[in-house]
2 protein chains.
Amino acid sequence: MGGDAGLPVTVPAALEFARTRPDTHLVLVGLSDAINACLDAQRDVPRERIEVLHAAEVVTMDDSVEVALRRKKESSMRLAAQSVKDGRADACISAGNTGAWMAISRYVLKTLDGIDRPAIATSIPNQTGGATTMLDLGANVDCTAEHLLQFGIMGAALAQVTEQRERPSVGLLNIGEEVIKGNDVVKQAAELLRASPLNFYGNVEGDDIFKGTVDVIVCDGFVGNVVLKSVEGLAKMLGSMIREEFQRNAYTLLSGAIAKPVLNKFRQRVDNRRYNGAALLGLRGVVIKSHGSADAYAFGFALQRAHEAVASGLLARTTASIAQMTAARNDPATDGAGPIGESSL
Amino acid sequence: MGGDAGLPVTVPAALEFARTRPDTHLVLVGLSDAINACLDAQRDVPRERIEVLHAAEVVTMDDSVEVALRRKKESSMRLAAQSVKDGRADACISAGNTGAWMAISRYVLKTLDGIDRPAIATSIPNQTGGATTMLDLGANVDCTAEHLLQFGIMGAALAQVTEQRERPSVGLLNIGEEVIKGNDVVKQAAELLRASPLNFYGNVEGDDIFKGTVDVIVCDGFVGNVVLKSVEGLAKMLGSMIREEFQRNAYTLLSGAIAKPVLNKFRQRVDNRRYNGAALLGLRGVVIKSHGSADAYAFGFALQRAHEAVASGLLARTTASIAQMTAARNDPATDGAGPIGESSL
């Protein structure tokens with residue numbers, strides 16, 4: 001039901017996904033009349049793999065976390081998370097209110113053992129042609145060093161899945177040469193990360209996100225959220241400026257037409273719709289958040305993220321990593337130095 | 001002496017500046033033999049307005065703040081700041097080690113009454129065609145709400161000068177719709193800013209930097225530094241990707257040649273060299289920091305920033321704003337609501 005467009009985006013995207021992934025079964029959770037009307041308008045609906053689960057209410061973008069959690073106990077978000085909890089679904093996806101989605105999925109699914117705080121992670125395309133996994137993006141504004149370590153564990157498990165890295169490198173977002181390098185929490189987190197079995201690279205700076213210096217970048221949710229929105233803002237500004245320049249007059253329009261294949265190729269490379277689908281990590285279930293402004297193409301990638309996470313055993317990987325980390329800490333003989341990676345499964 | 005290139009950038013830029021600004025007198029501080037050799041190699045040197053002040057040592061990029069401050073008491077940075085302190089210069093500029101430059105200028109010049117912590121501020125081009133003044137960019141990693149308020153005062157005074165705004169609007173960088181809006185410091189800072197005579201807009205998000213929603217954006221130095229480097233990193237990545245696409249084959253090269261005037265126009269609009277020159281605010285003197293990678297064109301803009309700040313009485317404006325703020329706080333009758341702006345001078 002969620003996102004700026006709602007069903008006209010989510011239903012066609014879900015159908016397209018079901019068609020291209022014959023191994024999947026979809027549960028569409030929400031106001032069933034509206035969903036069925038939407039389905040009826042579509043062709044080639046694989047009805048045998050599409051189920052509609054009726055929810056009496058919908059969490060809106062303006063609903064506070066309290067309202068979403070305490071007053072709307074029959075919401076589509078609630079039932080979707082519950083379907084994962086009950087084993088009826090392997091993963092759940094929403095394009096709705098992020099705060100509510102995080103609170104509801106956390107309330108219903110609970111956190112994994114050893115994880116204090118769930119975090120929001122996404123992939124950001126970088127110069128290497130791959131993507132940098134970054135977390136937290138806004139779930140936790142005040143973090144301790146221990147939380148940042150846990151983000152490192154969860155982020156590494158995610159990067160194993162999305163970037164097919166055996167031992168993803170993990171960087172800690174910090175500031176550079178300026179007066180004081182990092183605050184106390186960041187300094188302590190660096191020590192914890194260094195002592196952990198993670199493949200810890202050390203401190204990284206803002207531009208390392210795009211250089212692809214490391215596979216995973218860890219930061220608190222305040223910093224991560226501001227950075228993500230800043231770079232989205234810059235990308236939007238540059239996009240509209242370049243459009244303006246090509247639309248100035250007949251000559252610029254013509255050269256724009258000639259350069260179109262090149263500009264399209266460029267646009268494809270930086271199309272962030274291909275990276276849609278943030279993971280809500282640290283929960284006892286796969287939970288994905290699509291960008292609210294996603295179109296059907298972008299929403300399809302959020303569905304793929306969920307599929308990938310389930311297919312490659314994201315939860316098992318995360319759980320194994322945490323267990324290994326805990327064992328390493330309790331057993332000083334290993335000096336916390338056993339590598340975390342495929343081998344831990 | 002500072003910056004990646006040193007004198008080959010700073011000396012030509014200084015001469016060009018002296019030529020175009022016949023009202024200025026320049027003091028070149030550093031190793032005098034090297035500076036004089038560099039001057040001798042240039043033509044049309046207005047010697048009567050160029051003075052060389054010999055400094056026995058130079059702070060390097062690798063020097064710690066302690067070394068720069070305690071061991072190199074005859075450094076060019078130290079003498080440059082001292083020349084402002086002694087009234088021999090109205091402003092000082094360096095492209096060297098940011099941490100050292102901040103520490104030395106603060107040690108020599110001291111902070112203004114009512115300012116606890118100096119801050120680093122810069123202008124970032126935005127979609128309106130103007131620029132957003134943003135601070136702090138790395139001088140203070142742990143800030144209190146009171147510090148953020150002071151950044152608002154200093155940033156508003158700077159935006160009056162650089163953006164010719166009578167009552168610059170001030171926004172507080174915060175996170176959006178996510179689980180919890182802002183940490184405690186940010187929440188308290190919003191209250192202080194709202195009660196102040198500043199033209200406080202309220203919370204803004206990362207993308208508002210580029211939308212130009214407000215004239216001034218205030219944040220702690222950790223967040224500001226990471227955001228600045230992230231957007232620089234993205235800009236660099238996009239630039240190199242678009243170059244790559246135009247260099248793929250004969251067709252793309254040709255269309256690149258045809259589109260060149262348009263792409264150049266675009267490049268000009270987003271050329272961040274025109275925004276070079278961060279202000280170290282809150283000190284009893286005008287102190288400017290150029291980007292270390294600045295070329296002579298960019299370094300010229302840092303010199304212009306210094307000139308602007310002196311010519312428009314930045315220090316007097318800042319001092320007046322602080323005094324007005326203090327008066328408003330001590331006199332509850334005004335309810336802290338008198339506007340801060342030109343009228344305060």
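Keep in mind it's a predicted model, so treat the numbers as computed, not measured.

Novice: Got a minute to help me understand the interface of chain B and chain A in this structure?
Specialist: Interface size is often expressed as the accessible area that is lost when the parts come together. Listed per partner, the contact involves 63 residues of chain B and 64 residues of chain A. The contact between chain B and chain A buries some 5,800 Å² in all, and 70% of this surface belongs to carbon and sulfur atoms. Remark: the boundary between chain B and chain A carries 8 salt bridges. Arg269(B) is paired through a salt bridge with Glu244(A); the nearest N and O atoms lie 3.0 Å apart. Our count for the contact surface shared by chain B and chain A stands at 12 residue pairs in polar contact (both at pLDDT 80 or more). If you list the elements that add at least two residues to the side of chain B that touches chain A, you get helix H5 (98–109), helix H7 (184–195), helix H8 (208–211), helix H9 (221–246) and helix H10 (250–270) of chain B. A total of 21 residues in the side of chain B that touches chain A trace back to one element, the largest contributor, which is H9(B).

Novice: Even after reading the chapter, I still don't get the sheet that holds strand E3 (residues 91–94) of chain B, so can you show me in this structure?
Specialist: Sheet strands associate in pairs through backbone hydrogen bonding, adopting either a parallel or an antiparallel arrangement. All names here are of chain B. Here 8 strands make up an open sheet; going across it, the order is E3-E10-E9-E4-E5-E8-E6-E7 and the pairing mixed. The two strands at the open ends of the sheet, each matched to only one other strand, are E3 and strand E7 (199–204). With strand direction ignored, the average angle separating the axes of adjacent strands in the sheet is 25°. Taken together, the 3 bridges between strand E6 (residues 169–173) and strand E8 (residues 216–218) define a ladder with parallel strand orientation. Looking at the pairing, Gly-171 lines up with Ile-217 of E8. Along the sheet, H5 makes contact with E3, strand E4 (119–125), strand E9 (278–281) and strand E10 (286–289), crossing E10 at roughly 175°.

Novice: I'm lost on the packing of aromatic side chains in this one. Help?
Specialist: Aromatic ring pairs are described here by two measures, namely the spacing of the ring centres and the angle between the planes. All names here are of chain A. Using the criterion set out here, one finds 2 aromatic pairs over all chains in the structure. Summarising the aromatic geometry, the rings of Tyr-297 and Phe-301 are spaced 5.1 Å apart at their centres and angled 75° between planes, so their arrangement reads as edge-to-face. Note that Tyr-297 and Phe-301 are positioned in helix H11 (residues 296–311) at a spacing of 4 residues, about one turn of the helix. Assessed through its relative accessible area of 18%, Phe-301 is described here as buried. Directly above the ring of Tyr-107 sits Lys-110, whose terminal nitrogen or CZ lies 4.7 Å from the centroid.

Novice: Got a minute to help me understand the domain arrangement of chain A in this structure?
Specialist: All names here are of chain A. For chain A, the assigned domains are domain 1 (1–109 + 275–312) and domain 2 (125–270). Computed from C-alpha atoms alone, the centre-to-centre distance between domain 1 and domain 2 is 26 Å. Interface area, domain 1 with domain 2, both sides summed: about 820 Å², of which 73% is carbon and sulfur. Sorting the residues of domain 1 by area buried against domain 2 places Tyr-275, Leu-281 and Glu-308 first, and these three jointly supply 52% of that buried surface.

Novice: Could you clarify how one ought to interpret helix H4 (residues 76–85) of chain B in this entry?
Specialist: Residues spaced three or four apart along an α-helix face the same direction, because each turn holds 3.6 residues. Residues and elements named next belong to chain B. With 8 of its 10 residues buried, H4 lies for the most part within the structure. For H4, the set of buried residues is Ser-76, Met-77, Arg-78, Leu-79, Ala-80, Ala-81, Ser-83 and Val-84. Buried positions along H4 lie against strand E1 (26–30), strand E2 (50–54), helix H3 (65–71), E3 and H5. Just beyond H4, the residue with positive phi is Gly-87, at close to 80°.

Novice: Honestly, the relation of the copies chain B and chain A in this entry has me stumped. Any pointers?
Specialist: The two chain copies are related to each other by a rotation about an axis together with a translation along it. The two copies are related by a screw operation: chain B maps onto chain A through 180° of rotation and 0.0 Å of translation along the axis, at an RMSD of 0.0 Å. Both copies are brought into coincidence by an operation consistent with a two-fold rotation axis.

Novice: It is not clear to me how the packing of helix H1 (residues 7–20) of chain A against helix H2 (residues 32–40) of chain A should be interpreted in this structure. Could you clarify?
Specialist: How two helices pack is summed up by the angle between their axes together with the distance between the axes. Residue and element names in this part refer to chain A. Where H1 meets H2, the closest approach of the two axes is 10 Å, and the angle between their N-to-C directions is 60°. Between H1 and H2, the crossing angle belongs to the class labelled oblique. When you trace H1 past H2, the crossing you get is right-handed. For the pair H1 and H2, the contacting residues are Leu-7, Val-11 and Leu-15 in the first and Ala-34, Ile-35, Cys-38 and Leu-39 in the second. A class-by-class count of the residues in the contact of H1 with H2 yields 7 nonpolar, no polar and no charged.

Here is what the cut-offs are and how they apply
- Residue numbers restart at each chain and count upward from 1, following the sequence in its written direction.
- Ligands are numbered from 1 and chains lettered from A, in the order in which they are written.
- Given that this is a predicted model, residues contribute local features only at a pLDDT of at least 70 and side-chain atom pairs are listed and counted only at 80 or more, while totals for whole chains, interfaces and linings are drawn from all residues.
- The side-chain figures draw on all heavy atoms in the structure; neither hydrogens nor water molecules are used.
- The contact criterion used is simple: two residues touch if any of their non-hydrogen atoms lie within 4.5 Å.
- In this description, buried area is defined as the sum, over both parts, of the accessible area (probe of 1.4 Å) that is lost when the two are combined.
- Salt bridges are defined by distance alone: a side-chain nitrogen of Lys or Arg within 4 Å of a carboxyl oxygen of Asp or Glu.
- N or O atoms within 3.5 Å of each other form a polar contact, as long as, within protein, one can give a hydrogen and the other can take it, and as long as residues adjacent in sequence are counted only when both atoms are side-chain atoms.
- Numbering of helices and strands starts at the N terminus; helices are DSSP runs of H or I of at least 4 residues and strands are runs of E of at least 2.
- DSSP-based pairing: two strands are paired if at least 2 bridges between them are found.
- The angle between two axes is taken between their N-to-C directions and runs from 0 to 180 degrees, where each axis is a line fitted to C-alpha atoms and a helix contributes only its stretch in contact.
- Each aromatic pair joins two rings of Phe, Tyr and Trp (for Trp, the six-membered one) with centres within 6.5 Å, and gets the label stacked for planes under 30 degrees apart, edge-to-face for over 60, and tilted for any other angle.
- Only protein chains enter the area calculation, which uses a 1.4 Å probe; residues under 20% of their type maximum are buried, those over 50% are exposed, and those in between are partly exposed.
- Two conditions define a charge sitting above a ring: the NZ of Lys or the CZ of Arg must be within 6 Å of the ring centre, and it must be within 35 degrees of the ring normal.
- The start and end points of each domain follow an automatic or database-based domain assignment.
- Only residues with pLDDT of at least 70 in both copies contribute their C-alpha atoms to the least-squares superposition of the copies.
- Oblique is the label for any angle not covered by the other classes, which are roughly parallel (under 35 degrees), roughly antiparallel (over 145) and roughly perpendicular (65 to 115).
- By convention, the crossing between two helices is left-handed when the near helix turns anticlockwise from the far helix through less than a right angle, and right-handed when the turn is clockwise.
- Asp, Glu, Lys and Arg are counted as charged, while Ala, Val, Leu, Ile, Met, Phe, Trp, Tyr, Cys and Pro are counted as nonpolar; the rest, among them Gly, fall into the polar class.

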